[in-house]
Amino acid sequence: ASWRDTQTARVWSTNYRLICESASHGLVSFDYGCITEFYPDLDSWSLTLGFDGGCMPLRLTGPAAPAISLWVATAINSNTWMHDPRLVRLLD
């Protein structure tokens, strides 16, 4: 199994959603309230998100992935994100 539709995208983080812009899909919005799975991998600079409502999973990779992981973690876990062992390196 592998990820499909790999492409370069710009990503914005707001206080309600992630917005991704790619050449083939334009602007696509991912509401934080719809996130059901959160898998940051800081070592490989990636973040994988699962959603309810039939939306396909999203994987973001690259140098910005740790920062995006932090923004998403604070949006979905408020002040408890710092207790997530997958994100402890961000506290250093």
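Provided above is the structure to which this section pertains.
Cut-off values and rules
- Once a new chain begins, its residue numbering starts again from 1 and follows that chain's sequence as written.
- At least 70 in pLDDT is required for a residue's local features to be given in this predicted model, at least 80 for side-chain atom pairs to be given and counted, and no such filter applies to totals for whole chains, interfaces and linings, which use all residues.
- Calculation of side-chain values draws on the structure's entire complement of heavy atoms; hydrogens and water are dropped beforehand.
- When two cysteine sulfur atoms are found within 2.5 Å, that pair is recorded as a disulfide.
- Like-charged residues within 9 Å of one another, or nonpolar side chains (Val, Leu, Ile, Met, Phe, Trp, Tyr) within 5 Å, are grouped into patches, provided each residue has over 30% relative accessible area and no salt bridge.
- Values of accessible area rely on a 1.4 Å probe in the Shrake-Rupley scheme; residue burial ignores everything except the protein chains shown.
- Whenever a carboxyl oxygen of Asp or Glu lies within 4 Å of a side-chain nitrogen of Lys or Arg, that contact is scored as a salt bridge.
- By the criteria applied, helices consist of DSSP H or I runs no shorter than four residues and strands consist of E runs no shorter than two, each listed in order from the N terminus.

Colleague: Any chance you could break down the state of the cysteines for me, citing the residues and the numbers?
Modeller: For the structure on display, the rule yields zero disulfides. In this model Cys 20 remains outside any disulfide bridge; the closest cysteine sulfur is found in Cys 55, 9.9 Å from its own. Not part of a disulfide, Cys 55 finds its nearest cysteine sulfur in Cys 34, a span of 8.1 Å.

Colleague: An account of a nonpolar patch on the surface is needed here, citing residue identities and associated values.
Modeller: On the surface, Met 82, Val 88 and Leu 91 cluster together into a nonpolar patch covering about 250 Å² of accessible area. Among the secondary structure elements, Leu 91 is positioned in the segment after α1 (65-77).

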